Every structure is written in structure tokens, then in C-alpha cells.
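# An overview of the molecular structure
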Amino acid sequence: MSEPSTPSTGLSGSKTEDTLHPGTEPPDSLTGELRRRVLSINLAVTLLAFVLALAIGAVLIAASAPSVIESLGYFFARPFDTFAAVFNSVYSAYSALFQGALLDVNELREGDVSAAFYPLSETFTVSAPLILAGLAVAIPFRAGLFNIGAQGQMAFAAIGGGLVGFGLSLPAGVHLLASLAAAMVFGALWAGLVGLLKAKTGAHEVITTIMLNYIAIYLLGWVLNQDWFQREGRNDPISPILNESATFPLIFGGGLRIHFGILFSIGAVIVVWWMMTKTTTGFRIQTVGANAAAARTAGMNVGRIWIVAMLWAGAMAGLAVSMNVNGTDKVVTAGIVGNIGFDAITVALLGRGSPFGVLAAGLLIGGLRAGGLAMQASTGTPIDIVLVLQALIVLFIAAPALVRAVFRLRGKTADSLTIAKGWGS
Amino acid sequence: MTLTAPVVPQARIAPPSLTRPIIMTASALVLGAIFILLSPMDAETTFIFNLGDTFISIPDWIVPSRTAATGFAIAALVCAAIAWPINARRGSLFLPAFGLGVFLVMSFLAWVGADSLLPITGLLQGSLLLAVPLIFGAMAGVLSERAGVININIEGQLLVGAFLGAVVASLLNNAYLGLVAAPVAGALLGLLLAVFATRYFVDQVVVGVVLNVLAVGLTGFLYSRFLTEDPDLWNNPEVLPTIAIPVLSDIPILGPILFDQNVIVYLMYVVVTVVQIALFKTRWGLRLRSVGEYPEAADSVGIEVNRTRFRAVILAGAVAGLGGAFFTLGSVGAFGREMTAGNGFIALAAVIFGRWNPIGALAAALLFGFADNLQNVLSIIGSPIPSQFLLMLPYVVTILAVVGLVGRVRAPGADGIPFRKS
Amino acid sequence: MQLQLRGITKRFGDLVANDDISVTFEPGQIHALLGENGAGKSTLMNVLYGLLQPDAGQIVVDGEPLVFHSPAGAIAAGIGMVHQHFMLVPVFTVAENVELGAESVGPFGFLKTADAARAVERVSAEYRLAVDPNAVVEDLPVGIQQRVEIVKALTREAQCVILDEPTAVLTPQETDELLSIVRGLRDAGKTIVLITHKLREVREAADVITVIRRGRVVAESVSPQTSEVELASLMVGREVSLVVDKPSLEVGEPVLRVNQLSVYDTLDRAIVDDVSFDVRAGEVLCIAGVQGNGQSELVEALVGLHDRSEGRIDLGEKRIDGLSTKGILDLGVGYVPEDREHDGLVGSFSLAHNMVLDTIGESPWSRRGVINYGLINENGQNLIEQYDVRATNAQVAASTLSGGNKQKVVLAREMSRSLRLLIASQPTRGLDVGSIEFVHRQIIQARQSGVGVIVVSTELDEVYALADRILVMYAGRIAGVVTPDVGRDDLGLLMAGATTS
């Protein structure tokens, strides 16, 4: 037996990955064989997409490195200097990037375990909201909706989570859960509105989510200037500090920022996976995403399923912002969301819309982020290179034919990402 | 055999929906009442029409606030009333809606401008300036989407245009050369969109979103590496001078708004006119629209669908890139990180609000520019409305537009759908 | 002009759509290419028109071998095509559609659409094809849109006109009119290729017939005097019985009563206009009519899929208008949608999952929202055996099946529930003869078990084969309700808007 094969309107490439489809295919069946072959091809394409992106990033880093430019000035006198400068600039940037994401080798040699694992702690800390926000994009993908609105859903959710977090006094634990619940409800309302508008009027979600992002961000800006939300005695937009009882405890402490929120995000991945593969809700979401017309003909209430998918998405976005509100920042500011809602799109695309794919992609992007900061600090290479890498990786993965052409690989399946179907519906 | 075409019986028509006149009337009544009641009894509002030296100057207009608010609200209500019979005949509600909007805004201004000076001409001129990049972006959207490629990438194209325009102008010490470079940058980003959309058939929304990330990353990276390191060399372009067009710039009110601007604004007039005419009156436009509406039909008469789309998207990128130059060369000069600040998305909204028509998109972009500048002006004279809510206005209006209150929007038939030959 | 195909072969993966086909089309002749759905006719014509490249073989025009890389080449060589799905831009005017790709322009590429309009008028007059060059195509009825296609080909000086299934959307009267236009073109010396699977028109119009089966030419230079039965067996490859065995039966009480039903489109036009009728248990009511006369919308309204309808619909004792689709299906309505690819199946899902698309929320497939995939797969396996679906197993994706097998999956799903009313919209469109026979047997079986059946069909043969009563729709209204002993001509007149008085 197997689960429904992946809807073509989701990420068609994801026909290949089995995280959503734990059903066991008879090993000798034709489709099973086909799947394995496609999987291996796509794994290669994914890896090569990384190689290609890193190569282009290396060109950028080298071409813009001051040392390289300087040595170019006397290239004909001492060409080797230029090559050395190119190698050094790329090597130092990328090694700082990877060490900053995983393990500080120098600290480890010196025996400071806590400092050595600081990069990994950062990666997990940064990844926690990315994974959740990635789910907020990935669930609607499966229903055929492109949620560009995680940013706004998170901003709106921060209002709810923050209010409960600093405004109430409840016992520890209960208070945290109440604050998370408030954030999830606020996020779900904001996202549900998109589903409602789509269901009732056919308004395209790409447009409504973009617009609601701005509206939510201005709303948050306004709220932060109100007496009931602004910290007393402050003129800048900042909320009071959350009560201790509403914050995620640190897991290790000792300078490592990693907190228990990361467990919530892994838990959310599992819950979403279960929902998508084992329940009628998931079946319906996938049916609507694969063929909304057939779903409607079969008596499914497509509009309601869109709303349900968006409610899930909003709740995940709410939980995502709570990683910052109740975890790292313990306060609500105008910049609380950062760029997570947009990075979430990359995470969901990279994870091909499946929960475990999102987990992996979230850790990857989180690692790049954490490493990028370390790289910027130690080598002066601007962290923006991480954005470039991120964009290139997704582009290449989305266009496997391009990657195959670059590496002269065979394979002619015309698989590519398909989500939106024009503005029409 | 008979020669006449068969007569098709006219289908019975259900009575027209009353939703729109009801909404118009309700908004006139509710908003009008609010503005009237909130405007103070004994205050006066001063509308200023002069801006700079014009040949003929118009005296300021000083009115009692509540009287003015009431008068304009009544005018708005009249517009809403006119909508009823027009709606019953299924006529276009554009004019009544436009009038309703204008009068409600005036009524609103009478209230918020009580006891202050409202620079109407300045307000409009600033609106036009804020709308310039939106208009270029919207034209880029129209070109690309009329050819059947969704363009979420306008934001990125504006950004790279702003960046390269500033850098080239600064390096070569010539703002006009920067103006040449900006569309090249936009076109290059457009090229990427075109390649992925028409060669590799990647989902167009996805490519657009990802290319925006790429544009932010790339400009941010180069900004940190070069522009902040040596701003005098890399990021110190001269600003394009204002060129007053003789005679025209002396027209009262309109003159300083329209004809005392820099060259990008004049280019904008040219681009809008050319796009409008070329799209609907030339072979190029006919073919472009055919591949966006029904590519199979275009293909069947020998038109290269993907090549046509490819070129349209690159051209769109160039137009957006030119608009991006306005952020640097046309206003502040220096480039700043992510300085387009979502203008590309508002431009996209203008495309949809303007129903994929150049003139419609122009009107929508002007409206958004007005809302934006109204917020600026009100924050100067002090307004009872929090600035955030005024800033939200374009986005709220867009949502109202796409949910159908402004009428049915119909995208080009094949917008966003890749064309693959079997 | 003489047009020759020599040894054309075209493969799609493992499927050989055209296998070494050679035909010669002579000027001043109507040459019919006869074959059932899926025989490879359209592929052949797309090769000829430059839309597809052949894997082997040659196209020879007046003795000269040519290669067409795109339709532009075929058009330049004087070949015009009237596609089954019209290749007209809906929002353009007739003149704009006609000029597209061959525009006459002034300086700066400014269009001279007036030239195109004059060309349209000239061709209209010459070949007696009345069309208004300034009308917007989407506002025109399909019959006129087809004329626009013909005019489009003729303004491009086409010497050879290919018509792909041209009568599928026409009334019998419009068909006669089209055939007479085509005869006029032949008499003007054009080479005419008529692609069709309809035996009657072939016999009526063709000068010579070539029969294609499974991608191969099975009979050349067949005379149009050949009998229908003989043509049918050439086409299908075995003896075909054109009659469905339909035992007589007592009809029961009405299961469905429709009262003053109207359906409106987005422009507030009544597409279904004040329609009332009954369907009784154990009868097949055929809704006949030319495509686009409101049948599709009527059926959608019956199952709650149209959001702008008014009127009263009762299923047995229960009023169902205003209920959700789910609510209506649950009351024992089976629905086989018109567009099975689009509405009937989820192509990327397995057959087993497609079989429970409308019952997934019910026991035993799921309990408290948790799905039992084991049972679902078992059920899928049983149904594909029971309904003779040709597939390796129930796990394959629905998109991999042929049209006939897809329809069997939809039928299996709908008929495995307990039904009171079965609605089948265009149930055999595009199917091969074997599948058509199967579908017809299933429909009759449903009728025998006392289910009320509605069949929407545009094919008169199907209507006569299945119907106990025929309801003819024209322009959204009921033109008449008649019994199957009505003559073809009278039925044709009703479909063209005549009413029974």
C-alpha cells in the first residue's frame, strides 16, 4: 500500500521523496523501481545544485575580495599572488561559514566544549523558527496555495503572543503554553483570512498575502506605539520584557542560546507529517492541491479545505515567531520577524513541501545564516552572500534540466516546480 | 442554403447585482458622517494651490472646516446616487467611483486640515514623484503578464536598476550614463526570469520570488564590499537636474506638477504612451497579447510563443530597471540597502488593480502614490489618524480590488501558464 | 495541390501513434480519414501541419518533399487547418484573429486591421461564409467560430484545408451547412482532408476514404458507398453491433423533480432558463443538444456545483437545491462528470485513492479522521477487477491510464455506492468503441436495477441507443421532450431551436 502520490500542483519533484509516503511499495513493483531511480537522479541534482551555487558564490567572493583586487594590480608581475589571494579569500570565507554553522574547531582544540559547540547551538536556534515558518509555507503548497504571507502572519502573531507573554501572570509552563496558543491563534486568524478571501471571492492568495504582510507589519508598528503595548518610559517601539514564566528555558545554558523551542519545532514537523499522511484532512488537502476541480466534483468543500490549510499555516507561523518572542528575544519589537517569513519560502521550496524536507532545509538555511554571521565577523565577507547562495540553490533545484545541462548529465524528465496556476483562480 | 449567419437568441439576463452601488452609498454615508462630525465647528481649513513661481497664481482657499467637509460629503453622496441608475443599465461605474473617491478624500482633508494649511499642489506633485517608480514597475508588469509570464520579480528589477544606475553614475561621474546602465541591470534580471520561465518552465511565481532574494543578496553584498568601503568613488552619483519645460510648466497647478521634473519623469510619460499604443495598435502588441491569452492559437499560426515571451520579459526588466534609477538618480542620489522597500509589490498590485491595462495601471499607481504622500503631508501638519493606517491604505485598497468590489478583474488567459509544445 | 504522406511514423515513448502511414490527398477531392478515437488521426494531422515532427517519413507537396518545423512552414506551403479545439484568441475580434501571424502593417509596425477586415469580407463573399469581422470571438457561437477558422485558413491562400473532427460541436443542420461549404471549397479546386470518426458524414461527404486503426492504414481508397456496418468493422477491427441490448422495463416513481431551474453565468446571463422535468426510477433520460446549450450547467446545478442557480430540485422526498455537493452525493446521486480528466480523477493519485475520493471521510475508509489505507487499497484492487480496468494494480497513478480505463475508474467509484440517481455527462466522449460498449452496458445495468439515469450526450447515436425519453435543450431552454421513435431530422430541428408545439 502507499499514500496518495504527490499532487502535481505541489512540488512535482517531490514525487520522489518518501518522507510523506511511508507506505511500503512492493519492492519488485515497477513504480517502486521508477521511484528509486528518479530519487537517485534528484539527489544528484540537489547535490550538484549546491556545488554550482557554492561555485558561483566563490566567484563573487573572490572577485570582490580586497586582497584579490589589490593583487590584480600587479598581476603580470606576480600572477601567483592573485591565485593565492583568490584561494585564500574563498577558503577563509567558506571555512568560516561552515565552522560558524557546525563546530568551532579552534575552541575544541583548546578544550572549551561549550564554546566549540556554540555554532551548532546557533544553527539550531536560528533554524527553529525557520522550520516552523517553512511548514507555514509548505502546508498550503500541498493544497495548491502559495503562501507568501508567513511574514505578516508572524508579525500579527507576535502581537498576540507578546500580549499574553508580558500582560498576564500565570504559573510557569502554563503561561508559556498560553502565550504560544495566543500566537498560534493570531497567526491562524491572519492566514485564515487569506483562505476565506480565496474561498469566498477567488482573490489570489499571492496578492492577498503580499498585501496582508504590509498591513500586519504596520499594525505591529502601530501597536508598539500604544500605551497598552509599549514598554513604560520608552519612546521607541518596544514592548515590555516577557515574564520569565512565558519564556522557553535554555537547554544547556552557559552561553549557548539553544532553548526548548527547538523541540517544539521538531514536534510540529512530526505532527504535520502525521496530519498530512494519516488523516482525512491531509488527504483532502493533497486532493485539492492535486486537482481542485476533481476534489469539488467529489463533494469536497474546496474553500473550507483552503481555509483549513491556511489555519494550519498561520498556527505554524505563530509558533515560529514565538521562537523569537518567547525564546531568543523575550520582547516584541518591530523587527521581531526579521526576514524569516521570506526565508521560509526558500525553506519550503528546498524541502519540496514535505515536513521532513522542511526540517532538513530549515537546518540547512539556519546553518548558513548562523555561519554567515560568523563569516562576516571573522573574514569581513558580507552575510548577504548567504542570500545569494540560498537563491541560487533553489533556482537550480527548481530547474533540474539546467543543472543536468551544466554537468552534462543524462535524463530528460521534464520535472519542475509548479505551484501557482496564474491569477485566474 | 441560407446565407445569413444564424441568429443567436439573446439569453435572459438576471437583474444586475446591487453590491457595488450599496457599498458606494454606504461608504459615502458612513465616511461622510464621520468626517463631518469630527471636523471642528469653528475651525478653518486652508487649501494652498501655489507651488513655486507660476505665471498665474491662484489665491489660497480658506473655508470653514465643517462646512467644507459637509459639502464634499454631499458631493460624494451624489456620486454614489448616480451609480444606481448606471448600475441598473450595466454601465461602467468608473466615473462615479472616481468622483466618490475624490470627494471623500476632500471631505477627509477638510477635517484633518482644520486649522492648518494644506498644500494641495505640493501634495499632488509629491504623489506623482512617489508614483514614478510604481508606474515603471507597473508597465513592466503589464508587458510581462500580457505576454503570459507572471512578474513577481519587479521588486528585484527596481532594486538592481537603482543599484547599477547609482554605481555607474558615480564611477563615470555622469547621471545620464547611470540612466543608461539601470535598464541594463533590470534587463539582466529579466533575462534570468525569462530563461527559467520559458526555457526551463519553472513556476513563474517561484522564480520571481527567488530572484528577488537574489537581487537583495547581490546588491547587499556588493554594497557592503564596495559602496560602503569607498562611498565617494562608488556611491556618490549626482542627482538628475530638474528641467522645466517652457510654457507648459507655467500652467497653474498642473504645470509644476507635471512639467517641472527630471528626465525620468518625462521618460515615464513616453514609456506609458508607447506601451499603451504599441500593445494595442501594432503587430508586436497583437502577437504579444496573443501569446499571453492563448499561446496555442499563436503557435498554430507560426508565432514563436516562448521567444515572444522571452523578449517581452527582458524588455519588462529593462523598463523596471529604468524605474529603479528613480530611487537613486531621480531623488536621493546614493544607493541604500533594500531601498525599493516593497515598491515592486505595490506596482504588481497596480497592474492587477489596473486590469492589466497600461492606462489603468498608471491610474492605480498614481492612486497608491497619492495615498503614500497623503500620509507624508498629514504627518507634517499633524493628523488625527495614525500614520500606520494611512500607510496601509494602498494594500487595503488592493485587497478590496482583488476581492471584486472594484469589479471583476480578468487576467490574460494564459498568464502564468508555461507553454510547452507537445 | 497534391499532398502526399510517405511512411510517416511518430512515437510517444513506447506508444507508436503513427506507424508507417502513407496517404495521398488529391486536389478537388474530399478525402476522409476515418478512425476511432485514439487511432492516431490527430497526431498525423499535427505532423502534417508542422506542430509535431515525425520520427520517420516524408511530406511531399506537389511532388516536392518538404519539412515543416513549425506551422509557419505548413501555412507557407498552402496548408490550412481547422482544429478540433479552435485556435482563436477569445478576446480578439474576428479580424484580429484572422490577421494574427500574417499581419499587414504600416510604418513602425502599426496594424492595418482594416485590411484584414476587408480580407474577411472578401473570403466571406467568395465562399459564402458569413462572419462579422468586428465581432469579438468569445461572443460568437461555436458554429460561427468554426467559420472564422475556415476563413482564417482561406485568407492565407490555403490550397489544402484539413478539418479535424469538425462536426463534434455542430447541430445536424449546421453539419449539413458545413458539409456544403466544404463541397464548395472542393469544387473551387481545394484539397480537402476531413478527419472524423462519424460514419454518416463520411458516407455523405467524402469522395474517397482512408481508414486508420491503431496508428496504421488498414484500408485505402475505400468508396463512400461502403455500408456503415462495413466501415465500422474496418475502423474497429471486428464486428460491431451498433445497437445496445436494452430490455423493456416498467418505470417507477419520479426520483428527481426539477422545477423552474435557472442557472446564471458571471455576466448574469441565464445559461439555463426556467427548466422543469422529472426523471423516474428505472428510466434513462437523455439530455440531447449541441454542446454549449446549457446541458453542462444544468447538470452542475443538479449536483450543487454551480453557485448561481435558482429553482427547486427534489430528490425523492427531499429538497436538494441549496445543499452542498457532498450532501447531494450522500443522498444517493452518482455523478460522472463531463471532463473526466479534469473533474473526475486526480491524475497523480493511485487508482485506489481515486476510488474513495468522495467517501474518504466515511467508515470504513477512515475513523475519526484517521485513514485506513489497507482497506482502501483492498477496495481499489477489487474494483479494478470488477470493472475490468486495465492496469497492473490499484497502485498505479490514474494519469497513466487510457481514456476508456479512466472512465471505468470513475464509473466504478460512482456505481459502487448505493444510488437512486445516476448522472453521466458525455460518458463516452473520446472513448474507443470497446469502452463505449462497456459504459453503455453499465448505464443500462443501472437502469435495470431501478436507478433513475440522466445521460447528457451530443451524439445522436448514443441518444438513440440509450434513451427511454429524450429532452432536447437549446439556448438554455427545453426545446422538447420526445421518445426515441422521433426521426433524426426532427431531433436535429429541435436541437437547432425549433420547438414542439
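About the thresholds
- Residues numbered from 1 in each chain as written.
- Chains lettered and ligands numbered in written order.
- Predicted model: local features only at pLDDT ≥ 70, side-chain atom pairs only at ≥ 80, totals over all residues.
- Heavy atoms only, no water.
- Helix = DSSP H or I, 4+ residues; strand = E, 2+ residues; numbered from the N terminus.
- Rg over C-alpha atoms; globule rule 2.2 N^0.38 Å.
- Buried < 20%, exposed > 50% of the residue type's maximum accessible area, 1.4 Å probe, protein only.
- Contact = heavy atoms within 4.5 Å.
- Areas by Shrake-Rupley, 256 points an atom, 1.4 Å probe, with all protein chains shown as cover.
- Lys, Arg positive; Asp, Glu negative; His and termini not counted.
- Charge placed at Lys NZ, Arg CZ, Asp CG, Glu CD.
- Expected span 1.5 Å × (residues − 1).
- pLDDT = per-residue confidence, 0-100.
- Buried area = accessible area lost by both parts, 1.4 Å probe.
- Salt bridge = Lys/Arg side-chain N within 4 Å of Asp/Glu carboxyl O.
- Polar contact = N/O pair within 3.5 Å; in protein donor to acceptor, adjacent residues only side chain to side chain.
- Axes fitted to C-alpha atoms, helices over the stretch in contact; angles between N-to-C directions.
- Parallel < 35°, antiparallel > 145°, perpendicular 65-115°, else oblique.
- Nonpolar A, V, L, I, M, F, W, Y, C, P; charged D, E, K, R; others polar.
- Arc of directions from axis to C-beta.
- Pairing = 2+ DSSP bridges.
- Right-handed = clockwise from strand over helix to strand, strands pointing away.
- Domains from an automatic or database assignment.
- Patch = residues over 30% accessible without salt bridge, like charges linked within 9 Å, V, L, I, M, F, W, Y side chains within 5 Å.
- Phe/Tyr/Trp six-rings, centres within 6.5 Å; stacked < 30°, edge-to-face > 60°.

Within chain B, the regular secondary structure consists of 16 helices and 5 strands. In terms of C-alpha radius of gyration, chain B reaches 24 Å, essentially the compact-globule figure of 22 Å for 422 residues. Projecting the C-alpha coordinates of chain B onto the three principal axes gives extents of approximately 80 × 70 × 40 Å. Counting all 422 residues of chain B, 57% fall into the buried class. Long-range contacts, defined here as pairs at least 24 residues apart, represent 76% of the contacts in chain B between residues at least 6 apart. Approximately 16700 Å² of chain B is accessible, and the part contributed by carbon and sulfur atoms is 68%. Of note, chain B has its 21 positive side-chain charges centred 21 Å away from the centre of its 21 negative side-chain charges.

Because an α-helix packs 3.6 residues into every turn, residues spaced three or four apart end up facing the same way. Its 19 residues give helix α9 (residues 205–223) of chain A an end-to-end C-alpha distance of 26 Å, which sits within 8% of 27 Å, the value for a rise of 1.5 Å per residue. Within α9(A), 16 of the 19 residues are buried, which leaves the element mostly enclosed by the surrounding structure.

Once that is clear, we can look at the confidence of the model for chain B. On average, residues of chain B score 88 in pLDDT, and 95% of them reach the 70 mark or higher. Of the regions scoring below 50 in pLDDT, residues 1–7 of chain B engages in 11 contacts with residues more than four places distant in sequence or in other chains.

Take the interface of chain B and chain A next. Taken together, the contact between chain B and chain A spans 47 residues of the former and 49 residues of the latter. Carbon and sulfur atoms supply 79% of the area that chain B and chain A bury against each other, a total of about 4200 Å² over both sides. Looking at the side of chain B facing chain A, the largest losses of area belong to B:F221, B:R225 and B:Y395, adding up to 16% of the total buried there. Its salt-bridge partner being B:R337, residue A:D384 comes within 2.6 Å of it at the nearest N-O pair. At the boundary of chain B and chain A, one finds 4 residue pairs in polar contact (both at pLDDT 80 or more).

Residue and element names in this part refer to chain B. Here helix α10 (residues 263–281) crosses helix α11 (residues 283–293) at 75°, and the two axes come no closer than 5 Å. Comparing the axis directions of α10 and α11 gives the class roughly perpendicular. Across from A278, L279, F280 and K281 in α10, the residues of α11 making contact are R283, W284, G285, L286, L288 and R289. Within the contact of α10 with α11, the residues separate by chemical class into 6 nonpolar, 1 polar and 3 charged.

With that settled, consider the interface of chain B and chain C. Facing the 38 residues of chain B at the interface are 49 residues of chain C. Both sides together, the interface formed by chain B and chain C hides about 3400 Å², and carbon and sulfur atoms give 61% of it. Put simply, B:R90 and C:D268 hold a salt bridge, and the shortest N to O gap is 2.8 Å. Where chain B packs against chain C, one counts 7 residue pairs in polar contact (both at pLDDT 80 or more). For the side of chain B that touches chain C, the elements supplying multiple residues, two or more each, are α10, α11 and α12 (295–300) of chain B.

As a further point, take the environment of A:I258. Residues and elements named next belong to chain A. Looking at the element boundaries, I258 is found in the loop between α9 and α10 (261–278). Exposure remark for I258: the relative accessible area of 8% places this residue in the buried category. In this structure the C-alpha to C-alpha distance between I258 and G367, which are 109 residues apart in sequence, comes to 13 Å. Those residues in contact with I258, other than ones at most four positions away along the chain, are S121, F124, T125, L250, I251 and F252.

Relative to the 20 Å expected for 14 residues at 1.5 Å per residue, helix α13 (residues 373–386) of chain C spans 20 Å between its end C-alpha atoms, a close match to the ideal helical length. If you check which residues of α13(C) are buried, you get C:Y373, C:I376, C:N377, C:N379, C:G380, C:L383 and C:I384. The arc that holds every buried residue of α13(C), seen down its axis, measures 160°, which confines them to one face. Those residues of α13(C) that are exposed and aimed more than 90 degrees away from the buried face are C:E385 and C:Q386. Turning to α13(C), the residues buried within the fold contact α10 and α11 (280–290) of chain A together with α12 (351–354), β18 (370–371) and α14 (403–415) of chain C. N-cap assignment for α13(C): the residue whose side-chain oxygen lies 3.2 Å from the backbone N of C:G374 is C:N372. Just beyond α13(C), the residue with positive phi is C:D388, at close to 55°.

The next point concerns the sheet that holds strand β22 (residues 477–482) of chain C. Residue and element names in this part refer to chain C. Spatial strand order, β16-β19-β20-β13-β21-β22: 6 strands in an open sheet with mixed pairing. Strands with a single pairing partner mark the edges of an open sheet, and in this sheet they are β16 (333–336) and β22. Neighbouring strand axes in the sheet, compared pairwise and without regard to direction, differ in orientation by 15° on average. Relative to strand β21 (residues 469–474), strand β13 (residues 284–288) runs parallel, the two sharing 4 bridges. Bridging across to β21, I287 finds its partner in L471.

The next thing to look at is the pairing of strand β20 (residues 452–457) of chain C. All names here are of chain C. Within β20, 6 of the 6 residues are buried, which leaves it mostly tucked inside the rest of the structure. One ladder, built from 5 bridges, connects β13 with β20; its direction is parallel. Bridge pairing in β20 places L285 opposite I454. Following the backbone out of strand β19 (residues 421–425), through helix α15 (residues 433–448) and into the adjacent parallel β20, one traces a crossover that is right-handed.

Structurally, C:Q395 can be placed in the loop between α13 and α14. Reaching out from C:Q395, the side chain makes a polar contact with the side chain of C:N377 at a distance of 3.3 Å.

Omega for the peptide link from C:S363 to C:P364 comes to 5°, which places this bond in the cis form. Following the sequence through the fold, C:P364 ends up in the loop between α12 and β17 (366–367). Of note in the backbone geometry, B:V247 takes a positive phi value of approximately 65° without being a glycine. Among the structural elements, B:V247 can be located in the loop between β4 (242–244) and α9 (254–258).

A few words on the domain arrangement of chain B. Assigned domains of chain B: these are domain 1 (19–120) and domain 2 (130–366). Distance between the C-alpha centres of domain 1 of chain B and domain 2 of chain B: 34 Å.

It is worth spelling out the domain arrangement of chain C at this point. All names here are of chain C. Taken as a whole, chain C is organised into domain 1 (3–236), domain 2 (244–332 + 418–501) and domain 3 (346–417). For domain 2 and domain 3, the distance between their C-alpha centroids amounts to 26 Å. In this assembly, 14 residues from domain 2 lie in contact with 13 residues from domain 3. Between domain 2 and domain 3, roughly 1100 Å² of surface is buried when both sides are summed, and carbon and sulfur atoms account for 63% of that area.

On the surface, a cluster of negative charge is made up of C:D176, C:E204, C:D489 and C:D490. Checked against the element boundaries, C:D490 lands in helix α17 (residues 488–495).

Bringing the sheet that holds strand β8 (residues 191–196) of chain C into the picture now. Residue and element names in this part refer to chain C. With mixed pairing, 6 strands are arranged side by side in an open sheet as β6-β7-β8-β3-β9-β10. Only two strands of the sheet have a single partner each, and these edge strands are β6 (79–82) and β10 (216–222). Each neighbouring strand pair of the sheet contributes to a mean axis angle of 15°, computed without reference to strand direction. Relative to β8, strand β3 (residues 29–34) runs parallel, the two sharing 6 bridges. Note that in β8 the partner of L34 across the bridge is T196. Across the face of the sheet, helix α6 (residues 172–187) comes into contact with β3, β7 (160–164) and β8 while running at roughly 125° to β3.

Now for the pairing of β7(C). All names here are of chain C. A large share of β7 lies buried, amounting to 5 of its 5 residues. Side chains of β7 alternate between two faces, with C160, I162 and D164 and V161 and L163 buried alike. Pairing of β7 with β8 involves 5 bridges; the strand directions are parallel. Within β8, the position partnered with D164 by the bridge is I195. Where the polypeptide runs from β7 across α6 and back to β8, its parallel neighbour, the crossover connection is right-handed.

Time to look at the packing of aromatic side chains. Ring pairs (aromatic) are described by centroid distance and by the angle formed between their planes. Counted by the stated rule, this structure contains 30 aromatic pairs over all chains. Aromatic pair B:Y223 and B:F335: ring centres 5.8 Å apart, planes at 65°, arrangement edge-to-face. Taken together, the positions of B:Y223 in helix α7 (residues 204–227) and B:F335 in the loop between α13 (305–332) and α14 (343–353) put the pair 112 residues apart, joining distant regions of the chain. For the pair B:Y223 and B:F335, one class covers both residues: buried. An aromatic cluster is present here, built from A:F166, A:W222, A:W228, A:F229 and B:F389 joined pairwise through their rings.

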